[in-house]
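Letter by letter, the chains look like this.
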Amino acid sequence: MSSRSRSNIILRSPRKSLQLLSSQDPDDLPYPPDALPGARDVDTPYGNIRVYEWGSEDGRKVLFVHGISTPCIAFAGMAKTLVERGCRVMLFDLFGRGYSDAPDPSVYQQDIALWTSQILLVLASSKLAWTGTDRFSLVGYSMGGGISATFTSYFPELVESLVLIAPGGLLRPSRISRTSKLLYGNLLPSFVVSYFVGRRLRGSSGAHPALGGKAKPTDPADIAESEAPGHPANADDSTALMFPDRPKMSVAKTVAWETDVHPGFLPSFISSIKFAPVSHEHDRWRLLGQRCEARRASSESGKVPGLDEDKVLIIFGAQDPVIVADETEEDATAALGKDNVKVVRLRGGHDVPVVNSRGCADAIFEFWNDSPV
């Protein structure tokens, strides 16, 4: 495929259009280009990837993978706290989100193969070594949790520690609503699906998942909406801002903005629903658990590829109605093995890494240090 024809299947992010609007105040945008330190744009055959990297060059390296709709700024509070505690952090917008372009999902479906390529491209873009003898810790949220777990199952020699926050990967088939099966089952024309999904993500629908962490059938748009603090699906006190000094920035406004200005967002969202590793990943999770057991059983565990803690940390929002703690803990324990998982439940709904970023960071450091921070 020629470079000219390849460029025709890349759906460009708002990055360049914003550069043309240089008179616009960045603070008026739901997601300003300067939202986080250490920004860079990485040119790849799949289009541009927006990456942020900062913190001590000698600190523990931590890579974050965000959820299905909210770009990487959802991790702003957690990343700031980890940097304050000496870490080096790297965040990036998944293809079709934020300021990352989208390779046309009708050509490149949004699945673990595409995201594996993106993660490896992001790692390679750093001036520091994130692979080889310098391994990294991986933190994944929601859909990003499913991506992170499956990625780690394929690359145990790269990831030293795995943290999953309200993760996808083991979502039960009974939790997929009839609406989802209709919308994402290739039963309707793509323009019809895009219309209805777009309305949901812009906040036009009044339907919301149940409160209080009770299991019920879920539409994937529920997951997108539930990443937003203040959404009825989340805890009553879900009012925290991602950036207290920039009140115009919020998860809900960012998702609506992406829907309106990023031509690759809706197609990427819909493709992710169809192909992302959010369910049926039990075999990959079992492999993670088997590696943890093999390391513990070996007298030379350092020579067995796998996680340094010999277990996975999973953080749940206690009021999350989408990734329900009770059932997901049960399924994760069955897949990983009871000795290969540590579970922490924190105040918050599906928005827990935003509204309780400090609690998430504390739980992660306690996991790493095996003692309260």
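For the structure itself, look to the data block above.
Residues numbered from 1 in each chain as written. Predicted model: local features only at pLDDT ≥ 70, side-chain atom pairs only at ≥ 80, totals over all residues. Heavy atoms only, no water.

Undergrad: Would you explain the side chain of Asp-93 in this entry?
TA: In this fold, Asp-93 is placed in the loop between β5 (88-92) and β6 (102-103). Here Asp-93 is buried and forms no salt bridge, its nearest opposite-charge partner Arg-50 lying at an N-O distance of 5.9 Å. Only 2.9 Å separates the side chain of Asp-93 from the side chain of Tyr-31, close enough to count as a polar contact. One polar contact links the side chain of Asp-93 to the main-chain amide nitrogen of Tyr-99, over a distance of 2.9 Å. Those residues in contact with Asp-93, other than ones at most four positions away along the chain, are Tyr-31, Ile-49, Arg-50, His-66, Pro-71, Cys-72, Gly-98, Tyr-99, Ser-100 and Gln-118. (Helix = DSSP H or I, 4+ residues; strand = E, 2+ residues; numbered from the N terminus. Buried < 20%, exposed > 50% of the residue type's maximum accessible area, 1.4 Å probe, protein only. Lys, Arg positive; Asp, Glu negative; His and termini not counted. Salt bridge = Lys/Arg side-chain N within 4 Å of Asp/Glu carboxyl O. Polar contact = N/O pair within 3.5 Å; in protein donor to acceptor, adjacent residues only side chain to side chain. Contact = heavy atoms within 4.5 Å.)

Undergrad: Where do I start with helix α10 (residues 265-275) in this structure?
TA: Each α-helix winds once per 3.6 residues, and so residues spaced three or four apart point in a common direction. Here α10 lies mainly inside the structure; eight of its 11 residues are buried. All buried positions along α10 are accounted for by Phe-265, Leu-266, Ser-268, Phe-269, Ile-270, Ser-271, Ser-272 and Ile-273.

Undergrad: Sorry if this is basic, but what is going on with the packing of aromatic side chains here?
TA: Here a ring pair, both rings aromatic, is described through the centre-centre distance and the interplanar angle of the planes. Summed over the entire model, instances satisfying the criterion amount to 11 aromatic pairs. With centroids separated by 6.1 Å and ring planes inclined at 65 degrees, the aromatic side chains of Tyr-31 and Trp-257 adopt a geometry described as edge-to-face. You can see Tyr-31 sitting in the loop between α2 (15-20) and β2 (39-44) and its partner Trp-257 sitting in helix α9 (residues 251-261), a full 226 residues away along the chain. Ring geometry for Phe-64 versus Phe-75: centroids 4.8 Å apart, planes at 45 degrees, classification tilted. Taken together, the positions of Phe-64 in strand β4 (residues 61-65) and Phe-75 in the loop between β4 and α3 (76-84) put the pair 11 residues apart, joining distant regions of the chain. The same class applies to Phe-64 and to Phe-75, which are both buried. The aromatic ring of Trp-368 is capped on one face by Arg-60, whose charged end is 3.9 Å from the ring centroid. (Phe/Tyr/Trp six-rings, centres within 6.5 Å; stacked < 30°, edge-to-face > 60°. Lys NZ or Arg CZ within 6 Å of the ring centre and 35° of its normal.)

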